[in-house]
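Chain by chain, the residues run as shown.
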Amino acid sequence: MASSCRCLSACLSYARSLVPVTNLAPTYFSSVLRLTAFGSASVSSVPGRSMSSFLNRMDASELWKSVSQVSIAGRRRGRARGQKDKVKDLNMGQRIGEGRLGMVWPGLNAPVLRGSELVRLQPTEPDPKRLERLAEARSKRGRFRRLKLNAFDRGWTGGKLGGRSVGSPDSVQDFDFSSFDTRVIEHRNVFKMTSTFGRKKSVRVFVVTGNGNGVAGFALGKGPTVQQAQRLAKNRAAQRLLFAERFEGRTVFHDFYQEYYFTKLWVERRPPGFGLQCHRIIRTLCQLVGIRDLYAKVEGSIHPQNLAKAFFLGLLKQETHAQLAERTGMHVIERSVLRQTFPVLLASPSHHVSASPGLERDVKELYAQGRIRLQKRRQPKFFEKLKSWHIRKRILLRRRNQSASQMERLSLLADTGVVTLYPKPFTAKTESA
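Residues numbered from 1 in each chain as written. Predicted model: local features only at pLDDT ≥ 70, side-chain atom pairs only at ≥ 80, totals over all residues. Heavy atoms only, no water.

### Regarding the overall build of the protein
Turning to step 1, where the next piece is worked out: A tally of regular secondary structure across the protein gives 12 helices and 16 strands.
Turning to step 2, where the next piece is worked out: Across the 433 residues of the protein, 26% fall into the buried class.
Turning to step 3, where the next piece is worked out: Taking all contacts inside the protein whose residues are at least 6 apart in sequence as the whole, residues at least 24 apart take part in 49%.
Turning to step 4, where the next piece is worked out: Just so you have it, the protein exposes about 32400 Å², and 55% of that area is on carbon and sulfur atoms. (Helix = DSSP H or I, 4+ residues; strand = E, 2+ residues; numbered from the N terminus. Buried < 20%, exposed > 50% of the residue type's maximum accessible area, 1.4 Å probe, protein only. Contact = heavy atoms within 4.5 Å. Areas by Shrake-Rupley, 256 points an atom, 1.4 Å probe, with all protein chains shown as cover.)

### Regarding unusual backbone geometry
Turning to step 1, where the next piece is worked out: In this structure, Glu 248 takes a positive phi of about 60° despite not being glycine.
Turning to step 2, where the next piece is worked out: In this fold, Glu 248 is placed in the loop between β10 (241–243) and β11 (256–260).
Turning to step 3, where the next piece is worked out: Take Glu 248: its relative accessible area is 53%, and that puts it in the exposed class.
Turning to step 4, where the next piece is worked out: At Tyr 261, a residue that is not glycine, the phi angle is positive and equals roughly 55°.
Turning to step 5, where the next piece is worked out: Tyr 261 sits in the exposed class, given a relative accessible area of 63%.

### What about the state of the cysteines?
Turning to step 1, where the next piece is worked out: This model, assessed by the stated rule, comprises zero disulfides.
Turning to step 2, where the next piece is worked out: Cys 278 carries a free sulfur, and the closest cysteine sulfur to it, the one in Cys 286, is 5.0 Å from it. (Disulfide = S-S within 2.5 Å.)

### Looking at the side chain of Glu 334
Turning to step 1, where the next piece is worked out: Examined against the element boundaries, Glu 334 turns out to sit in strand β15 (residues 332–335).
Turning to step 2, where the next piece is worked out: A distance of 3.4 Å separates polar atoms of two side chains, one belonging to Glu 334 and the other to Arg 269.
Turning to step 3, where the next piece is worked out: Aside from chain neighbours lying at most four places away, what touches Glu 334 is Arg 269, Arg 339, Phe 342, Pro 343, Val 344 and Leu 346. (Polar contact = N/O pair within 3.5 Å; in protein donor to acceptor, adjacent residues only side chain to side chain.)

### As for the environment of Asn 306
Turning to step 1, where the next piece is worked out: Following the sequence through the fold, Asn 306 ends up in helix α8 (residues 304–317).
Turning to step 2, where the next piece is worked out: Relative accessible area serves as the criterion here: at 16%, Asn 306 is assigned to the buried category.
Turning to step 3, where the next piece is worked out: Sequence separation between Asn 306 and Tyr 261 is 45 residues, and the spatial gap between their C-alpha atoms is 7.3 Å.

### Things to note about the pattern of salt bridges
Turning to step 1, where the next piece is worked out: With the rule as written, the count across this model stands at 14 salt bridges.
Turning to step 2, where the next piece is worked out: Glu 186 is the salt-bridge partner of Arg 204, the closest N and O atoms lying 3.7 Å from each other. With Arg 204 in strand β8 (residues 198–210) and Glu 186 in strand β7 (residues 181–194), this pair connects stretches of sequence that are 18 residues apart. For the pair Arg 204 and Glu 186, a shared accessibility class is recorded, and that class is buried.
Turning to step 3, where the next piece is worked out: Across the salt bridge formed by Arg 378 and Glu 384, the nearest N and O atoms sit 2.4 Å from each other.
Turning to step 4, where the next piece is worked out: Linked by salt bridges that have partners in common, Glu 186, Arg 188 and Arg 204 make up one network. (Salt bridge = Lys/Arg side-chain N within 4 Å of Asp/Glu carboxyl O.)

### Quick notes on the pairing of strand β14 (residues 294–300)
Turning to step 1, where the next piece is worked out: In terms of burial, β14 is a largely internal element, five of the seven residues being buried.
Turning to step 2, where the next piece is worked out: Here strand β12 (residues 263–269) runs beside β14; their pairing, made up of seven bridges, is antiparallel. Looking at β14, one finds that Leu 265 is bridged to Val 298.
Turning to step 3, where the next piece is worked out: Bridge count for strand β13 (residues 276–277) against β14 is two bridges, and the pairing is parallel. When the bridges of β14 are listed, Gln 277 appears paired with Tyr 295.
Turning to step 4, where the next piece is worked out: A crossover links β13 with its parallel partner β14, the connecting element being helix α7 (residues 280–289), and its sense is left-handed. (Pairing = 2+ DSSP bridges. Right-handed = clockwise from strand over helix to strand, strands pointing away.)

### Quick look at the sheet that holds strand β9 (residues 215–223)
Turning to step 1, where the next piece is worked out: Here we have four strands laid out as an open sheet, ordered β7-β8-β9-β10, and antiparallel in their pairing. Both edges of this open sheet fall to β7 and β10, since each of them pairs with a single strand only. Adjacent strand axes in the sheet meet at a mean angle of 15°, parallel and antiparallel pairs treated alike.
Turning to step 2, where the next piece is worked out: Looking at chain direction, β7 and β8 are connected through 13 bridges and run antiparallel. When the sheet's bridge partners are listed, Lys 192 is paired in β8 with Lys 200.
Turning to step 3, where the next piece is worked out: Against the sheet, α7 contacts β7, β8 and β9, and its axis sits at roughly 130° relative to β7. (Axes fitted to C-alpha atoms, helices over the stretch in contact; angles between N-to-C directions.)

### Observations concerning the packing of aromatic side chains
Turning to step 1, where the next piece is worked out: According to the stated counting rule, one finds 10 aromatic pairs in the structure shown.
Turning to step 2, where the next piece is worked out: With centroids separated by 4.7 Å and ring planes inclined at 65°, the aromatic side chains of Phe 175 and Phe 177 adopt a geometry described as edge-to-face.
Turning to step 3, where the next piece is worked out: Among the residues examined, Phe 175 registers a relative accessible area of 46% and is labelled partly exposed.
Turning to step 4, where the next piece is worked out: For Phe 177, a relative accessible area of 4% gives the class buried.
Turning to step 5, where the next piece is worked out: For the ring pair Tyr 257 and Trp 266, a centre distance of 4.6 Å and an interplane angle of 45° mean the geometry is tilted.
Turning to step 6, where the next piece is worked out: Under the relative-accessibility criterion, Tyr 257 is labelled buried at 2%.
Turning to step 7, where the next piece is worked out: What makes Trp 266 buried here is its relative accessible area of 9%.
Turning to step 8, where the next piece is worked out: Among the aromatic residues, those joined into a cluster by ring pairs are Phe 206, Phe 218, Phe 311 and Phe 312.
Turning to step 9, where the next piece is worked out: Arg 270 extends its terminal NZ or CZ atom over the ring of Phe 274, reaching a point 5.2 Å from the ring centre. (Phe/Tyr/Trp six-rings, centres within 6.5 Å; stacked < 30°, edge-to-face > 60°. Lys NZ or Arg CZ within 6 Å of the ring centre and 35° of its normal.)

### Some points on the nonpolar core
Where a protein is soluble and globular, its nonpolar side chains tend to be buried together.
Turning to step 1, where the next piece is worked out: Of all hydrophobic cores here, the largest spans 31 residues; its most connected members are Leu 265, Ile 282, Leu 285 and Phe 311.
Turning to step 2, where the next piece is worked out: Sorting the residues of this core by element identifies β8, β12, α7, β14, α8 and α9 (321–328) as the ones contributing at least two each.
Turning to step 3, where the next piece is worked out: Residues contacting Ile 282, with those up to four places away along its chain left out, are Leu 265, Leu 294, Ala 296, Leu 307 and Phe 311.
Turning to step 4, where the next piece is worked out: Val 205, Val 207, Ala 219 and Ala 233 belong to the second-largest nonpolar core, a separate cluster that totals 10 residues. (Core = buried A, V, L, I, M, F, W, Y, C linked by side-chain atoms within 4.5 Å.)

So, in structure tokens, the structure goes:
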């Protein structure tokens, strides 16, 4: 009994200490909705604090971002790298309360109060154009379709940028690069850890540009996006063009060996119609330079940048047949199987021949730097164990050593003077008196 009296006296003292309602400022009131027994609504104001919070200050999209996405500080630390920024809107073209039977929902698609009256839940008039408007909004979204490219511009693989064409460089003043084509050799995403922004991402692109007529260049570009890095790289490559000599406009002048760090590259010239039998990076470089017949073997590292630089260094260091003849003081001849190893003169020195007659040196010895290309052991075919193959080998045994016999016949014809292997020295003819 005593405790209840104390509580009652405390409530009365608290009620006397309250400020009269009429003396309070309107900012200290919050609206409260009360329903009377007669079904009507009345609005009264009672003292309270403001009900403003982040729930009524932000819209629905920002509230969903706070739940489904990572904060800005988290993005700086490298989180949510694989999260898609764009979310598909499954409710495109639809509104709350609009369906087959339209309804007015207070607080959702209609205000709660209109003046001093409470808005009630009630059906709306049907909209005959609702389905047409909904179909039109959904048709604009469409489906995701891959960008269709030409078969020659797709690159080495379908989903990668390696080997893909990115167009010609931008023109500089009066010079136009419309005849050039640029290919991506390497594309990587690189990251740098900073103290302020955390893990900062950038794109690195290595491209090669060329006109297919002996002029080509390569460069490296970096940027925040792929498009910016590609444009910077191809414009920079257009300012660093190189010219490479080609034999008959289709292949290299001679076989060569070139090293660049841990990349070892052997390049061999081939006859017309052979094609490009080499690494895919070397094949792309040959297409941009204008080389159609070539064989290349790579040993060691196949780093894209090192491989491209080794190939360009080899092209710049090669000698033409005329330069080789002047340097060695010997005739440059070619023996091709297509011509039954018959020698064909390619270049001659301007001065007298310093070497003894009949002496021949292989050009590979001059440019191989004392190295030999690794050749794998030939694996036997599946049909070499058959009886029919041994019968064929016995038939072919009768025509063995025919290539050596052909060389010997040509040598005999050369000794008798029927065939001239080397050009005769020029002697001026004088008319007899």
